[in-house]
Amino acid sequence: MRETDARTERRRPARERLLEAAARRFYADGVAATGIDTITAEAGVAKMSLYNNFASKADLVRAYLDARHEEWLGLYRARLEHADGPREGVLAVFDAYADHAAFAYEHGFRGCGLLNAAAELPADDEGRAVVRAHKEQVEHLIAGHLELLLPGWPEEARVAAEHLSFLLEGAVARAGLEGDGERVQHARSIAAALLDRL
């Protein structure tokens with residue numbers, strides 16, 4: 001890194017640098033395997049800066065999960081801006097996951113960072129509630145588009161939304177195992193075909 005780049009980096013708020021470092025390390029190496037020293041070293045901040053910004057590692061993990069959720073919502077909203085109608089709105093959800101899979105991750109795509117983190121957290125951890133809320137919101141978004149596509153058929157829209165969210169989650173899990181977003185693209189094609197039959 002050039003000296004001017006290093007100075008610019010040091011001027012960025014410590015909280016922002018810590019969250020970015022945590023996001024990289026938690027996704028690449030896992031939450032449990034990533035220690036505070038690793039995060040502070042990668043962020044280029046003193047350990048005290050972490051505790052000035054986060055009460056604990058658990059607090060940092062929750063902030064990471066919230067940031068991942070907001071990041072995905074941003075991808076979805078960007079796709080939704082170009083969606084023409086409720087059918088395309090449903091597919092925008094799939095596209096947002098495909099966009100996430102296309103990021104240049106250090107060790108390739110490893111699936112949903114939220115689910116990966118949740119798998120490492122104890123059953124009663126608040127972080128798992130953040131992940132559950134994200135997945136429920138994704139299904140709710142799909143259901144909202146389907147209700148517009150199937151006016152007067154709310155139960156059918158709800159059931160179809162559940163089925164499509166299961167399709168999406170399965171595709172993301174397989175894509176994470178295979179290291180790329182091809183399964184998500186395939187799931188989008190399946191979803192499009194299913195929507196055409198409604």
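To keep things clear, this report deals only with the structure shown in the data block. (Residues numbered from 1 in each chain as written. Predicted model: local features only at pLDDT ≥ 70, side-chain atom pairs only at ≥ 80, totals over all residues. Heavy atoms only, no water.)

### Quick word on the overall build of the protein chain
Then, number 1: Summing up its helical and strand segments, the protein chain has ten helices and zero strands in all.
Then, number 2: Ordered by position in the sequence, the α and β elements of the protein chain form the string α-α-α-α-α-α-α-α-α-α.
Then, number 3: Principal axes of the C-alpha set define a box for the protein chain whose edges measure 55 × 40 × 30 Å.
Then, number 4: Evaluated residue by residue, the protein chain yields a buried proportion of 41% over its 198 residues. (Helix = DSSP H or I, 4+ residues; strand = E, 2+ residues; numbered from the N terminus. Buried < 20%, exposed > 50% of the residue type's maximum accessible area, 1.4 Å probe, protein only.)

### So, the pattern of salt bridges
Then, number 1: Here the structure, examined in full by the defined rule, presents 18 salt bridges.
Then, number 2: Its salt-bridge partner being Glu-20, residue Arg-12 comes within 2.5 Å of it at the nearest N-O pair.
Then, number 3: Looking at Arg-12, the relative accessible area reads 19%, which means it is buried.
Then, number 4: A salt bridge links Arg-87 to Asp-196; the shortest N-O distance between them is 2.8 Å. Note that Arg-87 is positioned in helix α6 (residues 86-101) and Asp-196 in helix α10 (residues 182-196), a separation of 109 residues in sequence.
Then, number 5: Residue Arg-87 is classed as partly exposed on the basis of its relative accessible area of 24%.
Then, number 6: You can call Asp-196 exposed: its relative accessible area is 54%.
Then, number 7: If you follow the salt bridges from partner to partner, you end up with Arg-24, Arg-25, Asp-29, Glu-42 and Glu-106 in one network. (Salt bridge = Lys/Arg side-chain N within 4 Å of Asp/Glu carboxyl O.)

### Digging into the nonpolar core
Then, number 1: Ranked by size, the top nonpolar core spans 59 residues in total, and within it Leu-65, Trp-72 and Leu-146 carry the most contacts.
Then, number 2: Broken down by secondary-structure element, the contributors of at least two residues to this core are α2 (14-29), α3 (36-43), α5 (57-80), α6, α7 (113-120), α8 (126-149), α9 (154-178) and α10.
Then, number 3: What Leu-65 contacts, discounting residues up to four positions off in sequence, is Leu-114, Ala-117, Leu-121, Gly-127, Val-130 and Val-131. (Core = buried A, V, L, I, M, F, W, Y, C linked by side-chain atoms within 4.5 Å. Contact = heavy atoms within 4.5 Å.)

### Structural notes on the environment of Arg-188
Then, number 1: Topologically, Arg-188 is positioned in helix α10.
Then, number 2: Its relative accessible area of 22% is what places Arg-188 among the partly exposed residues.
Then, number 3: Along the primary structure Arg-188 and Phe-94 are separated by 94 residues, whereas in three dimensions their C-alpha atoms are 5.8 Å apart.
Then, number 4: For Arg-188, the residues in contact, after removing those within four places along its chain, are Glu-88, Leu-91, Phe-94 and Asp-95.

### Some words on the side chain of His-69
Then, number 1: Note that His-69 resides in helix α5.
Then, number 2: Under the relative-accessibility criterion, His-69 is labelled buried at 14%.
Then, number 3: Beyond its immediate stretch of four places on either side in the chain, His-69 contacts Leu-114, His-134 and Gln-137.

### Describing the environment of Gly-85
Then, number 1: Among the secondary structure elements, Gly-85 is positioned in the loop between α5 and α6.
Then, number 2: Sequence separation of Gly-85 and Ala-157 is 72 residues, and the distance between their C-alpha atoms is 15 Å.

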